[in-house]
Amino acid sequence: MGLFLSKAAKATVGKSKVATSYFLTGACLFLIACNVGVFIFLPHLLMPLAIIVSNAITVVLMLFALRPINRLMEREFSKKAEELIEQQREENELRERVVELESVNKELESKIDSWAQTAGVPADVNLSFKVETMTYDKSGYIVKEEPLERFLEDPAYGLSNKNGLMERLGKWLDNVSHPGERKVLYIGKYYIKASIGIDFTRIKFSVKDGILTLFGVRFTKLNDLAIVRDGDEVNHCWLLNEGADGTTINRNEIYREFTEVYAEYREKEAHEVLEQEIEGLCDRYTSVFRTNLSGRFPGIAFCDHIEDSPVTWYSLKEHMQDQRVFPIASNMLLMADVMSGTLPEILQRP
């Protein structure tokens, strides 16, 4: 509303109109003064008539002066309106700033009150859980091609047991119909996905001769995670005949069981290799973790076996309030969380 009045007043009263108003107002005042002077210095006129004429002339002059006077009043009103609008704007800004500061102040008071209430309560760190530091996810293909002769006498693959009359006859017929070298070809995709971390529920400690020894401070595979398999994966195990006419696939029923067993062994080998790779990774994690923890607490030691230990071992989970292990346990929790982002650096170390 104030802004509308300001614009309206400025539109009504321009700079040229203000100058004209001053000029017309001054002229009217001059004429009124002349009118009064004429009747003062001409006393020979009749006094009643002089009064009437003088008043009439004064009224006419005032009517002429009314419009420029109104313009001057509008100009002054415009100035006052602008000053009021500016003052109102400053007051609104101050009011908004006060409301904002009051809100911040209330929030800070609430935080201080919450801090005061929580600070008075003893800390109880619950380490009855597993801290996952990374997810090991790997997949790929294994391709193997080996001579069949290598497995003819190995009882694990079942070929050495096929010595019956019909089986020997079948082998002879196959050798006649498919001369040449025989090889087994395996193409299989492997998957592994697991979480790695520290199981704090397995950690125990003992104190002897002023040395605090920790058992179970070790990174291990915590869980096998669900694997999403690729629908386009390739898995084959074939017996190949390599002769003068080229390479063909031998589909004789005699070797069907062999190819199945061979594929199972290769899958098992791949899984064992991946498990060893995870174990090696856990060993490197464990070594770095223990080194850093020993640097913070020089008076501690670690062990991996306590079956024949003569000392008494206490569960870390059940003795968290023991001041001898509380700061160590807290640091272990923090370090395990920090190490979740240090895998590339650890893998690059010799």
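Located above this text is the structure these notes cover.
All figures in this text were calculated on a predicted structure; none of them were measured in a lab.

Colleague: Where do I start with the layout of surface pockets in this structure?
Modeller: One simple way to see leftover space: roll a probe sized like a water molecule over the atoms. In this structure, the second largest pocket occupies an estimated 210 Å³ of space. As for the second largest pocket, its lining consists of 14 residues, and the residues nearest its centre are Lys189, Tyr190, Tyr191, Arg229 and Glu267. Within the residue set of the lining of the second largest pocket, elements represented by two or more residues are β2 (181-199) and α5 (256-296). In terms of residue class, the lining of the second largest pocket is made up of seven nonpolar, three polar and four charged.

Colleague: Explanation requested: the packing of aromatic side chains in the structure shown.
Modeller: Each aromatic ring pair is described using two quantities: the centre-to-centre distance and the angle formed by the ring planes. What the rule picks out here adds up to 11 aromatic pairs. With a centroid separation of 5.8 Å and 50° between ring planes, the pair formed by phenylalanine 151 and phenylalanine 258 is classed as tilted. With phenylalanine 151 in the loop between β1 (130-147) and α4 (165-177) and phenylalanine 258 in helix α5, this pair connects stretches of sequence that are 107 residues apart. Overall, the relative accessible area of 5% leaves phenylalanine 151 in the buried class. For phenylalanine 258, a relative accessible area of 1% gives the class buried. Each member of the aromatic cluster is reached from another via a ring pair, and the members are Phe151, Tyr157, Tyr186, Phe258, Tyr262 and Tyr265. It is arginine 266 that lies over the ring of tyrosine 262; its NZ or CZ is 4.4 Å from the centre.

Colleague: Honestly, the pairing of strand β3 (residues 204-208) in this entry has me stumped. Any pointers?
Modeller: In regular strands, side chains alternate between the two faces of the sheet. Taken together, the five bridges between β3 and strand β4 (residues 211-215) define a ladder with antiparallel strand orientation. Directly across from lysine 204, in β4, lies its bridge partner phenylalanine 215. Between β3 and β4, which pair antiparallel in sequence order, lie two residues; one of them, aspartate 209, sits at a positive phi of approximately 55°. As paired strands, β3 and strand β9 (residues 314-315) are joined by two bridges and run antiparallel to one another. Bridge pairing in β9 links phenylalanine 205 to tyrosine 314.

Reading the values: rules and limits
- Residues numbered from 1 in each chain as written.
- Predicted model: local features only at pLDDT ≥ 70, side-chain atom pairs only at ≥ 80, totals over all residues.
- Heavy atoms only, no water.
- 1 Å grid on protein atoms, 1.4 Å probe; cavity = no way out; pocket = protein on both sides within 12 Å on 5 of 7 lines; lining within 4 Å.
- Points joined across faces, edges and corners; volume = space filled by probe spheres on them.
- Helix = DSSP H or I, 4+ residues; strand = E, 2+ residues; numbered from the N terminus.
- Nonpolar A, V, L, I, M, F, W, Y, C, P; charged D, E, K, R; others polar.
- Phe/Tyr/Trp six-rings, centres within 6.5 Å; stacked < 30°, edge-to-face > 60°.
- Buried < 20%, exposed > 50% of the residue type's maximum accessible area, 1.4 Å probe, protein only.
- Lys NZ or Arg CZ within 6 Å of the ring centre and 35° of its normal.
- Pairing = 2+ DSSP bridges.

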